[in-house]
Amino acid sequence: RLWATAFAAATAAAAEFAQALQQARRSKALLPPSAPALFAQLRQRHSALELLSREVAMAAAALREEGGGARENLDALSFRPAAESGSEHVHGRASTGVRPGRHGLRLGFGGAHRRALAKHAPRPLHLVVDEKAIDWLCAVAPDDFGFVALRAKAVVACRCRQEQKAQLVRMVRAGGEGARVLAIGDGANDVAMIKAAHVGVGIAGKEGMQAVQNADFAIGQFRFLRRLLLVHGRSNYRRMSLLVCYMFYKNVLDRFCQYALTSESGWSAQKYYSEVVTQLFNVIYTSLTIIFVAVADEDVPRFVAERVPVLYRAGVRQAVYTHALFWSWVLEGACVSVAYFLGLKYLYATADSVAGSTLEVWSLGIVAQVTITIMVNLRLMLDVTHWTAAIVAIFLLTFVVFLGSLALYSGIYFSFWKEWWGVPEHVLLSGPFCLFFFWAMAVGLLPKFIRETVGGFFPSEERLALDTVRAQRPPKSPSKLPSLLRRVGGPHGDAKRREA
């Protein structure tokens, strides 16, 4: 494997460089990266620093190349650390048995690992740096250092100061395209790193509570991070995706009928909906259902999500919530809303209306509101993946409250909802409305069935993994999970079972 450790001969130079950095910080001066006089003097007195910069630049150039030539160039980057500080560097292959030096950076493949990994391409890249090497590379070659570090499978930073941890996190955020950085720490020296990351996790332990107080999430032990990511993180990402898309969908579906009426009425600002239902649409009629679904819905049991990490890939690839998915929900709501408006217009508001009689604008609005309110709740029911007693109860409660409010509006005359007087029994219970209602439900649910059908013919990798888990009927207890891992994992099922 490709290692970067330490040059023992750079101890004095690194100390001098660190002292210069401290003086620059006290004077609030910035060291330009374009080879200042200090860097030139250090390079002349300590050849290890020149080699350090050159090797990182060569590694970055090799990684930027395409094809097999990049790995061949990386194979040539191999230095054995000197036995004593200040001695000359010995060029040669670095084996895995050589103990790395204390300061600087070393690049090279081990002899045993080179032969073992020759059969597998591409070989993984690993990077190990210490405090002095980070100071030098971030000042002299920040671009090359960041490029090599971001391409490494793992980076180990030894003996880092508090500000260096935050500096490395910011480097990943700036250089990693689409990267989401999580920083986890348990002490006060990790606070800067936690604040610099997208997500900060603090461990409550013997180091105090500073990390916990500055973190987004707090856990008691490091092993809880697995459940935090694979179970709660994955579920929250999937639920928030549904929550955001559904909130825009139901409001677009509700409002576009009003926009269509405004255009039909010559932009006269005529209201289409009853004010009482408009006020309660987002407060009662469509709020409780999405709240419960966004909190309690689970596509797979928690212990299955924790033991089958392949389900987490969708979040890493950001494949659950995408711009295409969001705009498809918005477009679906707009098209269905316009279809409802045109259907009501053809049914009730034309001279040769199908219903045989015309309705005033308020009655048309009431019919549209009743249809849309029921439609958006039915649309959400299709996206529920795990029905529980609480979710069933909240949907039933929502429908009961909505139908009860319709009876209240039509049975008690009040000036605030006087447009409702007589509408339910004369319009909502008529034959034409029943036919329109079933047609409206079919039109509203058609985009969902089309999306599912197309997704079945062209499934993504994440959907295939999820469908495989669901098809195997996940066990209700963790004790039966190994058999599921063997079925889902295929040839690698035994390794996943041992890991579980």
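Here the residue index of a chain counts from 1 through its sequence in written order. Restriction of local features to residues with pLDDT of at least 70 applies here, the model being predicted, together with a cutoff of 80 or more for giving and counting side-chain atom pairs; totals for whole chains, interfaces and linings are based on all residues. Processing note: side-chain calculations cover all non-hydrogen atoms of the structure and skip hydrogens and water entirely.

### Focus on the overall build of the chain
Comment: elements are numbered from the N terminus, with helices defined as DSSP H or I runs of at least four residues and strands as E runs of at least two. Counting secondary structure elements, the chain contains 23 helices and seven strands. Burial analysis of the chain (500 residues in total) assigns 44% to the buried set. With an accessible surface of roughly 26,300 Å², the chain has 60% of that area assigned to carbon and sulfur atoms. With a 1.4 Å probe rolled over the protein chains alone, any residue whose accessible area is under 20% of its type maximum counts as buried; one over 50% counts as exposed, and the rest are partly exposed. Computed with the Shrake-Rupley method and a 1.4 Å probe, the accessible areas treat only the protein chains shown as cover for residues.

### Remarks on unusual backbone geometry
Phi angles above zero are rare outside glycine, and Trp267 is one such case at about 55 degrees. Its place among the elements puts Trp267 in the loop between helix H11 (224-264) and helix H12 (275-285). Even without being glycine, Gln318 reaches a positive phi, approximately 55 degrees. Assignment of secondary structure puts Gln318 in the loop between helix H15 (313-316) and helix H16 (323-348).

### What about the side chain of Thr289?
Locating Thr289 in the fold gives a position in helix H13 (residues 288-296). In this analysis, two residues are considered to be in contact whenever any of their non-hydrogen atoms come within 4.5 Å of each other. Leave out the neighbours within four places in its chain, and Thr289 touches Asn377, Leu380, Ile394, Phe395 and Thr398.

### A short note on the pairing of strand E5 (residues 182-185)
The side-chain alternation of E5 yields one buried face, formed by Ala183 and Gly185, and one unburied face, formed by Leu182 and Ile184. For two strands to be treated as a pair, DSSP must find at least two bridges joining them. Across four bridges, E5 lies against strand E6 (residues 199-203) in parallel orientation. Residue pairing across strands places Ala183 opposite Gly200, the latter belonging to E6. A crossover gets the label right-handed when its path from the first strand over the helix to the second runs clockwise, viewed with the strands pointing away from the viewer. In the classification by handedness, the crossover that spans E5, the intervening helix H9 (residues 191-196) and the parallel E6 is right-handed.

### Points about the packing of H11 against helix H17 (residues 361-381)
Working note: a packed helix pair is described by the angle between its axes plus the distance between those axes. Simply put, an axis is a line fit to the C-alpha atoms, just over the touching stretch for a helix, and the angle between two N-to-C directions goes from 0 to 180 degrees. Axis separation between H11 and H17 bottoms out at 11 Å; the angle between their running directions is 165 degrees. The angle between H11 and H17 places the two elements in the roughly antiparallel class. Considering how the two elements wind past one another, H11 and H17 form a crossing that is right-handed. On H17, the residues that touch Leu242, Tyr246, Tyr249, Lys250, Leu253, Asp254, Cys257 and Leu261 of H11 are Val361, Ile372, Met375, Val376, Asn377, Arg379 and Leu380. Taken together, the residues of the contact of H11 with H17 sort by class into 11 nonpolar, one polar and three charged. Any angle that falls under 35 degrees is termed roughly parallel, while one over 145 is termed roughly antiparallel, one within 65 to 115 roughly perpendicular, and all others oblique. Crossing handedness is defined as follows: a turn of the near helix away from the far one that is anticlockwise and smaller than a right angle gives a left-handed crossing, while the clockwise case is right-handed. Charged means Asp, Glu, Lys or Arg here, nonpolar means Ala, Val, Leu, Ile, Met, Phe, Trp, Tyr, Cys or Pro, and polar covers whatever is left, Gly included.

### Notes on the packing of aromatic side chains
Here is the rule: rings of Phe, Tyr and Trp (six-membered ring for Trp) pair when centre to centre is within 6.5 Å. Planes less than 30 degrees apart are stacked, more than 60 are edge-to-face, and the remainder are tilted. For the structure shown, the criterion picks out 13 aromatic pairs. With 6.0 Å between their ring centres and 70 degrees between their planes, Tyr272 and Phe341 make a pair best called edge-to-face. Of this pair, Tyr272 sits in the loop between H11 and H12 while Phe341 sits in helix H16, and the two are 69 residues apart along the sequence. Neither residue differs from the other here; Tyr272 and Phe341 are each classed as buried. With 6.4 Å between their ring centres and 65 degrees between their planes, Tyr340 and Phe436 make a pair best called edge-to-face. Taken together, the positions of Tyr340 in helix H16 and Phe436 in helix H20 (residues 431-457) put the pair 96 residues apart, joining distant regions of the chain. Tyr340 gets classed as buried once you look at its relative accessible area, which sits at 1%. Relative accessible area serves as the criterion here: at 5%, Phe436 is assigned to the buried category.

### Comments concerning the state of the cysteines
A pair of cysteine sulfur atoms is labelled a disulfide when the two atoms are within 2.5 Å. For the structure on display, the rule yields zero disulfides. As a non-bridged cysteine, Cys138 has Cys160 as the owner of its nearest cysteine sulfur, 9.4 Å distant. The exposure class of Cys138 is buried, given its relative accessible area of 17%. Here Cys160 stays free of any disulfide, with the sulfur of Cys158 as its closest cysteine sulfur at 7.3 Å.

### A closer look at the packing of H17 against H20
H20 packs onto H17 with a crossing angle of 35 degrees between their chain directions and a minimal axis gap of 10 Å. In the packing of H17 onto H20, the handedness of the crossing is right-handed. Counted together, Val367, Val370, Thr371, Ile374, Met375, Leu378 and Arg379 of H17 and Phe433, Phe436, Phe437, Ala440, Met441, Gly444, Leu445, Lys448 and Arg451 of H20 form the full contact between these two elements. Class assignment of the residues belonging to the contact of H17 with H20 gives a composition of 11 nonpolar, two polar and three charged.

### So, the nonpolar core
Side-chain atoms within 4.5 Å are what join buried Ala, Val, Leu, Ile, Met, Phe, Trp, Tyr and Cys residues into a set we call a nonpolar core. Counting residues in hydrophobic clusters, the biggest one holds 51 residues, and the most contacted among them are Tyr272, Tyr340 and Val370. Looking at this core, the elements with two or more residues in it are H11, H12, H13, H16, H17, helix H18 (389-411), helix H19 (423-428) and H20. The greatest single-element share of this core, amounting to 10 residues, is contributed by H17. Not counting the four nearest positions on each side in its chain, Tyr340 is found in contact with Leu253, Cys257, Thr371, Ile372, Met375, Phe436, Trp439, Ala440, Met441 and Gly444. In this structure, Ala133, Phe147, Val148 and Ala149 belong to the second largest nonpolar core, which totals 23 residues.

### Focus: the pattern of salt bridges
Side-chain pairs of opposite charge can arise where the charged atoms are in close proximity. Each salt bridge in this description consists of a side-chain nitrogen of Lys or Arg and a carboxyl oxygen of Asp or Glu lying within 4 Å of one another. Within this structure, the stated rule accounts for 18 salt bridges. A salt bridge links Glu131 to Lys132, with the shortest nitrogen-to-oxygen separation between them at 3.6 Å. Using a relative accessible area of 19% as the deciding quantity, one classes Lys132 as buried. Two residues, Arg379 and Asp383, come together in a salt bridge whose shortest N-O distance is 2.4 Å. In this pair, the class of Arg379 matches that of Asp383, namely buried. Within this structure, Glu332, Arg379, Asp383, Lys448, Arg451 and Glu452 form a network of salt bridges that share partners.

### Quick notes on the environment of Glu55
Structurally, Glu55 is set in helix H3 (residues 47-64). Given the relative accessible area of 3%, Glu55 is considered buried. The spacing of Glu55 and Asp144 is 89 residues in sequence and 9.9 Å in space, taken between C-alpha atoms.

### A short note on the environment of Trp136
Within the secondary structure, Trp136 is located in helix H6 (residues 131-140). A residue is classified by how much of its surface remains accessible, and Trp136, at 1% relative accessible area, is buried. For the pair Trp136 and Leu49, spaced 87 residues apart in sequence, the C-alpha separation works out to 8.1 Å.

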